[in-house]
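The lines below spell out each chain.
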Amino acid sequence: LSNSIQDKLYLDVMDLDLKEVSDLFFLETKYHGKANISGYATTPLVNLQFNGEAVVEDFKVNNTEVGVVGFGMNYKSSSDKLMIHGDIFSKNQQTFIFDGYYVTKEEEEAKGSINFDMFFNKTDISFVNEFLSPKLFKKLGAKLNGELKLKGTFNEPVLTGKLNVEDGIINL
């Protein structure tokens, strides 16, 4: 790599088995699916830039199906934001979209600030059960429709918007 934008370090990972990664790191939560990841980095000394995309086919958390998960990132150190976007497709329907950024330098916004738009279209949230303590919830499920805006920081998030809940269930 050099100071030339033309020189790029490419990364391509094809058919990464997430179950093997879960097993390798002894994770309690088991992830399943095949990940395909590609991206590049350039000009690390003068204006680090990277761009990457990932798609996970047949993504499951433990045995709960999520669908096809895609996301991407774009960063230029001369700017102050890490741009992030993604979506979920379930049964060939786009059920979730997000788009936003994370502030990496203090300029117009405080360092660590987040700003994301999230769109839900019959988004099945049953996979969230896999991350909840059974002491709190025995079962949580619903399909969500609507829009949310996530601002603030990861430590102090501010969530605004409106969601409609279909087929909601909570067992305590």
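Up top is the structure.
Below: a short report on this structure. The shown structure was predicted, so the numbers you read here are calculated from the model rather than taken from an experiment. (Residues numbered from 1 in each chain as written. Predicted model: local features only at pLDDT ≥ 70, side-chain atom pairs only at ≥ 80, totals over all residues. Heavy atoms only, no water.)

1. Here's the deal with the nonpolar core
Grouped together as the largest cluster of nonpolar side chains are 21 residues, with contacts concentrated most on Phe59, Val66, Met118 and Phe120. Going through the elements one at a time, β3 (49–61), β4 (64–76), β5 (81–90), β7 (113–124) and β8 (139–153) are the ones with two or more residues in this core. Ignoring anything within four residues of it in the chain, the contact list for methionine 118 reads Phe96, Ile97, Phe98, Gly146, Glu147, Leu148, Leu150 and Leu159. (Core = buried A, V, L, I, M, F, W, Y, C linked by side-chain atoms within 4.5 Å. Buried < 20%, exposed > 50% of the residue type's maximum accessible area, 1.4 Å probe, protein only. Helix = DSSP H or I, 4+ residues; strand = E, 2+ residues; numbered from the N terminus. Contact = heavy atoms within 4.5 Å.)

2. Re the packing of aromatic side chains
Counted by the stated rule, this structure contains 7 aromatic pairs. Ring geometry for tyrosine 31 against phenylalanine 59: centres 6.1 Å apart, planes inclined by 0 degrees, an arrangement best described as stacked. Of this pair, tyrosine 31 sits in strand β2 (residues 31–42) while phenylalanine 59 sits in strand β3, placing them 28 residues apart in sequence. On the accessibility criterion, tyrosine 31 (23% relative accessible area) is partly exposed. Looking at phenylalanine 59, the relative accessible area reads 16%, which means it is buried. Here phenylalanine 96 and phenylalanine 120 contribute two aromatic rings whose centre-to-centre distance is 5.0 Å and whose plane-to-plane angle is 50 degrees, an arrangement assigned as tilted. One end of the pair, phenylalanine 96, is in strand β6 (residues 93–103); the other, phenylalanine 120, is in strand β7, and 24 residues separate them in sequence. For the pair formed by phenylalanine 96 and phenylalanine 120, the shared burial category is buried. Among the aromatic residues, ring-to-ring pairing joins Phe96, Phe98, Phe116 and Phe120 into one connected group. Cation over ring: lysine 8 sits above tyrosine 40, and NZ or CZ is 4.6 Å from the ring centre. (Phe/Tyr/Trp six-rings, centres within 6.5 Å; stacked < 30°, edge-to-face > 60°. Lys NZ or Arg CZ within 6 Å of the ring centre and 35° of its normal.)

3. Side note on a nonpolar patch on the surface
Residues Leu24, Phe25 and Leu27 make up a contiguous nonpolar surface patch of roughly 310 Å² in combined accessible area. By the secondary structure assignment, phenylalanine 25 is in the loop between α1 (18–24) and β2. (Patch = residues over 30% accessible without salt bridge, like charges linked within 9 Å, V, L, I, M, F, W, Y side chains within 5 Å. Areas by Shrake-Rupley, 256 points an atom, 1.4 Å probe, with all protein chains shown as cover. Salt bridge = Lys/Arg side-chain N within 4 Å of Asp/Glu carboxyl O.)

4. Some details on a negative patch on the surface
On the surface, a cluster of negative charge is made up of Glu57, Asp58, Glu65 and Asp124. Within the secondary structure, aspartate 58 sits in strand β3. On the accessibility criterion, aspartate 58 (58% relative accessible area) is exposed. (Lys, Arg positive; Asp, Glu negative; His and termini not counted. Charge placed at Lys NZ, Arg CZ, Asp CG, Glu CD.)

5. Considering the pattern of salt bridges
Any two side chains of opposite charge can pair, on the condition that their charged atoms come close. Applying the stated criterion across every chain yields a total of 5 salt bridges. Here aspartate 23 makes a salt bridge to lysine 19, at a shortest N to O gap of 2.8 Å. One end of the pair, aspartate 23, and the other, lysine 19, are both in helix α1, 4 residues apart, so they sit about a helical turn from each other. A residue is classified by how much of its surface remains accessible, and lysine 19, at 38% relative accessible area, is partly exposed. One salt bridge connects aspartate 117 with lysine 149, and the closest N-O pair in it is separated by 2.9 Å. Here lysine 149 lies in strand β8 and aspartate 117 lies in strand β7, a separation of 32 residues in the sequence. Exposure remark for lysine 149: the relative accessible area of 25% places this residue in the partly exposed category. Through salt bridges that share partners, Lys19, Asp23 and Lys30 make up one connected network.

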